[in-house]
Amino acid sequence: MTTPTSKKRRSLIQAAGLGATLGLMGFPAIAKDRPLRIGILAPRGGVAGTIGQTGLRGAQWAAERINANGGIGGRKVELVVEEETNPKETIERFRRLVLREEVDCVQGIVSTGASLALAPAAEDSEVITLFWDGTTQDGVKETMPSPQYVFRSTDNECEAIMASLLAIKHYKGKFVRIAGMNPDYSYGRNVWAAFQALLKKYGIEYEVVTEQWSKIGNLDLTSNVAALRAAKPDLIYSALLFADLPVFMKQAHDAGLANETRFVLPAAGWQHTSLKKEFMPEGVIFGHNTMYFDHPQASPLQKEFVGWYHDKFNDYPSWEADRAYFSMEVYKAGVEKALSAKGGSWPSTKEIAQAMSGIEVESLGGKGSMRADHIAEQVFHQGLSTNDNDYDFATITDITTIYSDELQKPKAGDDFWKWLEEKEWNI
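Sequence order as written defines the numbering, with residues in each chain counted from 1. Under the rules for a predicted model, residues below a pLDDT of 70 receive no local features and side-chain atom pairs below 80 are neither given nor counted, while totals for whole chains, interfaces and linings still include all residues. To get the side-chain values, take all heavy atoms of the structure and skip hydrogens and water.

**Comments concerning the layout of surface pockets**
Reasoning step 1: Buriedness of a pocket was judged along seven lines, with at least five required to meet protein on both sides within 12 Å; pockets are open sets of points on a 1 Å grid over the protein atoms alone, cavities are sets where a 1.4 Å probe fits but cannot get out, and lining residues have an atom within 4 Å of a point. Grid points are joined across faces, edges and corners, and a volume is the space filled by probe spheres set on the points. Computed from the structure, the second largest pocket encloses a volume of approximately 340 Å³.
Reasoning step 2: Lining the second largest pocket are 25 residues, and of these V110, S111, T112, F242 and W270 sit closest to its centre.
Reasoning step 3: Here the lining of the second largest pocket takes three residues from helix 5 (residues 112-125), the largest share from any one element.
Reasoning step 4: Any residue that is not Ala, Val, Leu, Ile, Met, Phe, Trp, Tyr, Cys, Pro, Asp, Glu, Lys or Arg is counted as polar, Gly included; the first ten are nonpolar and the last four charged. Along the lines of polarity and charge, the residues of the lining of the second largest pocket split into 13 nonpolar, eight polar and four charged. Only DSSP runs of H or I with at least four residues qualify as helices, and only runs of E with at least two residues qualify as strands; both kinds are numbered from the N terminus onward.

**Examining the packing of aromatic side chains**
Reasoning step 1: Aromatic rings from Phe, Tyr and Trp, with only the six-membered ring used for Trp, were paired whenever their centres fell within 6.5 Å, and each pair was classed as stacked if the ring planes differed by under 30 degrees, edge-to-face if by over 60, and tilted otherwise. Summed over the entire model, instances satisfying the criterion amount to 25 aromatic pairs.
Reasoning step 2: Should the NZ of a Lys or the CZ of an Arg lie within 6 Å of a ring centre and within 35 degrees of the ring normal, that charge is described as sitting over the ring. A cation sits over an aromatic face here: R75 above W346, 4.5 Å from the ring centre.
Reasoning step 3: Between the NZ or CZ atom of K367 and the centre of the ring of Y403, over which it lies, the distance is 4.7 Å.

**Points about helix 4 (residues 87-99)**
Reasoning step 1: The end-to-end C-alpha separation of helix 4 is 18 Å, in line with the 18 Å expected for 13 residues at 1.5 Å each.
Reasoning step 2: Buried within helix 4 are the following residues: T90, I91, R93, F94, R95, L97, V98 and L99.
Reasoning step 3: The opening residue of helix 4 is N86, an N-cap whose side-chain oxygen sits 3.2 Å from the backbone nitrogen of K88. To estimate how far a helix should extend, the number of its residues minus one is multiplied by 1.5 Å. Three exposure classes are used, based on accessible area relative to the maximum for each residue type with a 1.4 Å probe and protein chains only: buried under 20%, partly exposed in between, and exposed over 50%. A 3.5 Å cut-off defines polar contacts: any pair of N or O atoms within that distance qualifies, except that in protein one atom must be a possible hydrogen donor and the other a possible acceptor, and neighbouring residues in sequence count only when both atoms are side-chain atoms.

**Examining the side chain of N224**
Reasoning step 1: Along the polypeptide, N224 turns up in helix 8 (residues 222-231).
Reasoning step 2: Reaching out from N224, the side chain makes a polar contact with the side chain of Q212 at a distance of 3.0 Å.

**Section: the pattern of salt bridges**
Any two side chains of opposite charge can pair, given that their charged atoms come close.
Reasoning step 1: Any Lys or Arg side-chain nitrogen located within 4 Å of an Asp or Glu carboxyl oxygen qualifies as a salt bridge. Counted by the stated rule, this structure contains 24 salt bridges.
Reasoning step 2: D133 is the partner of R323 in a salt bridge, and the nearest nitrogen-oxygen pair spans 3.4 Å. Taken as a pair, R323 in helix 12 (residues 319-341) and D133 in the loop between strand 4 (128-131) and strand 5 (137-138) lie far apart in primary sequence, 190 residues in all. D133 shares its class with R323; the two are buried.

**Digging into the packing of helix 3 (residues 49-68) against helix 11 (residues 300-313)**
Reasoning step 1: In this analysis, axes come from line fits to C-alpha atoms, helices being fitted only over the stretch in contact, and the angle between any two N-to-C directions falls in the range 0 to 180 degrees. Relative to each other, helix 3 and helix 11 sit at 115°, their axes nearing to 11 Å. Taken as a pair, helix 3 and helix 11 cross one another with a handedness that is right-handed. Residue-level inspection shows T54, R57, G58, W61, E64 and R65 of helix 3 in contact with helix 11, the latter providing L301, E304, F305, W308, Y309 and F313.
Reasoning step 2: Classifying every residue of the contact of helix 3 with helix 11 gives six nonpolar, two polar and four charged. Two helices crossing with the near one rotated counterclockwise from the far one by less than a right angle form a left-handed crossing, whereas a clockwise rotation gives a right-handed crossing. By definition in these notes, contact holds between two residues if any of their heavy atoms fall within 4.5 Å.

**Examining helix 9 (residues 244-254)**
Reasoning step 1: All of the buried residues in helix 9 are D244, L245, P246, F248, M249 and A252.
Reasoning step 2: Of the surrounding elements, those touching the buried residues of helix 9 are strand 8 (177-183), helix 8, strand 10 (235-237), helix 10 (257-260) and strand 11 (262-265).
Reasoning step 3: Backbone geometry just downstream of helix 9 places G256 in the positive-phi region, at approximately 90°.

**Digging into a negative patch on the surface**
Reasoning step 1: Taken together, E282, D294, D388 and D390 make up a surface patch of like negative charges.
Reasoning step 2: Tracing the backbone shows D390 in the loop between strand 15 (376-386) and strand 16 (395-403). Within the patch definition used here, like charges are joined within 9 Å and nonpolar side chains (Val, Leu, Ile, Met, Phe, Trp, Tyr) within 5 Å, considering only residues with over 30% relative accessible area and no salt bridge. Only the protein chains shown count as cover for residues, and all accessible areas are computed by the Shrake-Rupley method using a 1.4 Å probe. This count recognises Lys and Arg as positive and Asp and Glu as negative, with His and chain-terminal groups excluded. A charge is said to be at NZ when it belongs to Lys, at CZ for Arg, at CG for Asp and at CD for Glu.

**Here's the deal with the pairing of strand 9 (residues 207-214)**
Reasoning step 1: For two strands to be treated as a pair, DSSP must find at least two bridges joining them. Summarising the sheet, strand 8 and strand 9 pair through seven bridges and their orientation is parallel. Counterpart to R177 in the pairing with strand 9 is E207.
Reasoning step 2: Handedness of a crossover is defined as follows: with both strands directed away from the viewer, a clockwise route from the first strand across the helix to the second makes it right-handed. Following the chain from strand 8 across helix 7 (residues 186-201) to the adjacent parallel strand 9, one finds a crossover that is right-handed.

**A few points about the nonpolar core**
Reasoning step 1: Residues belong to a common nonpolar core when they are buried Ala, Val, Leu, Ile, Met, Phe, Trp, Tyr or Cys residues joined through side-chain atoms within 4.5 Å. Membership of the largest hydrophobic core comes to 113 residues, with the highest contact counts inside it found for I128, F248 and Y331.
Reasoning step 2: Beyond its immediate chain neighbours, meaning those up to four positions away, I128 contacts D104, C105, V106, Y149, F151, Y331, T349, I352, A353 and M356.
Reasoning step 3: V103, V106, L118 and V127 belong to the second-largest nonpolar core, a separate cluster that totals 18 residues.

**Focus on unusual backbone geometry**
Reasoning step 1: Look at E126: it is not a glycine, yet its phi comes out positive at around 60°.
Reasoning step 2: Here E126 is to be found in the loop between helix 5 and strand 4.
Reasoning step 3: Phi at K232 is positive, roughly 50°, even though this residue is not glycine.
Reasoning step 4: By relative accessible area, K232 is classed as exposed at 63%.

**Points about empty space enclosed by the protein**
Reasoning step 1: Counted according to the given criterion, the structure contains three cavities of 30 Å³ or more.
Reasoning step 2: In this structure, the largest cavity occupies an estimated 70 Å³ of space.
Reasoning step 3: Lining the largest cavity we find 13 residues, and of these F131, R152, S153, F326 and S327 sit closest to its centre.
Reasoning step 4: At the level of secondary structure, the elements contributing two or more residues to the lining of the largest cavity comprise strand 4, helix 12 and strand 15.
Reasoning step 5: Sorting elements by how many residues they give to the lining of the largest cavity places helix 12 first, with three residues.

**Regarding the sheet that holds strand 3 (residues 105-108)**
Reasoning step 1: Spatially, the five strands line up as an open sheet ordered 2-1-3-4-7, and their pairing is parallel. Edge positions in the sheet fall to strand 2 (77-83) and strand 7 (150-151), since each of these pairs with one other strand and no more.

**A closer look at the confidence of the model for the protein**
Reasoning step 1: On a range of 0 to 100, pLDDT expresses the predictor's confidence in each residue. Per-chain confidence: the protein averages 93 in pLDDT, with 93% of residues scoring 70 or above.
Reasoning step 2: In this model, residues 1-7 is a region of pLDDT below 50 whose contacts with residues beyond four sequence positions or in other chains number four contacts.

**Some points on the packing of helix 4 against helix 5**
Reasoning step 1: The interhelical angle for the contact between helix 4 and helix 5, taken along N-to-C directions, is 30°, at an axis separation of 9 Å. Between helix 4 and helix 5, the angle is such that the two are roughly parallel. Helix 4 and helix 5 meet at a crossing whose hand is right-handed. Along its contact with helix 4, which presents P87, T90, I91 and F94, the element helix 5 presents G113, A114, A117, L118, A121, A122 and S125. Working definition: roughly parallel below 35 degrees, roughly antiparallel above 145 degrees, roughly perpendicular at 65 to 115 degrees, and oblique for all remaining angles.

Structure representation (structure tokens):
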């Protein structure tokens, strides 16, 4: 008998031009003694390679822990890893995971461009897909307000809103002339606009003296730094988040900007171990997103993970490890909830997806949940940079922690700018 899932898989095969292989593959019924196969799509090279590797390590650690404790519903977890690259190739690899590898779930994705392209195909496949990052927003507008099978991360703007609020709290009265040094795509432009909107909202007088934009992957920022130096800003807001951020901060230091200017870096935590003391000023607004590896009140779970990570890789993890761990825990909790509801009979993919809505879990960086509209809620951590530590890179002090229900619009279809205007924060 042909099931709805097999029909979807057949349509994907035909779309991928793999129809001739259909007779060789087949679609076996779910067997409880078969491992749960979880596909991972993560970048392992290019500008996002270190980020994808960190997420992959978080997923691997989660899978090891799950398997050591009996698996999910008595089934061991097996990871099948594919590369996230450009949107077209990433969709093809998703299809490979679904069709050839017959995975039960797909997790991963760092790039918004990849998530926007992949989400409709993932939804059509009826395979549960959890995005670590990237969201499914085009700008600040949600492109999939009511998905059944696609689950995404918190809004991209969360860290930017938090950093803007902390800039007002810590720097009020200490700046007028502001400049932007941001990535030249929707994220960079949106968060720069959000920063200014919040300054206006709280009556902060400011003047934009220059706006600098850089394409993703560009590491030659000398002209941008020269323009910033010529503009003499009191404050630079920079949402650079790939390998370009440490390059920018070093060049800013060499040009003397680091001694003269305050910085707001909402996404610095992705590159934290590359932001070396030798060029990082103190007192920078520094975002670590959903996990700060050295938090003094870190849970035993986080401490165990960070210890494992350092021992194995001689490095310290960014928040992407937390996003991957969170995705694994949300899926695990959803499967177990659906199993319980069926009295131990293995649930359908649709039943698992429905059970995942409203799930609450403990992640590495703190508590988290999955909203009914399939948007994650998690804890965010930011603070002021300090070089008074035992590492060779900047860490943070004066740490602020805010749950994302204070940092993102409450419903996927809400107007971001209207919400930003109406929302009140106690700064």
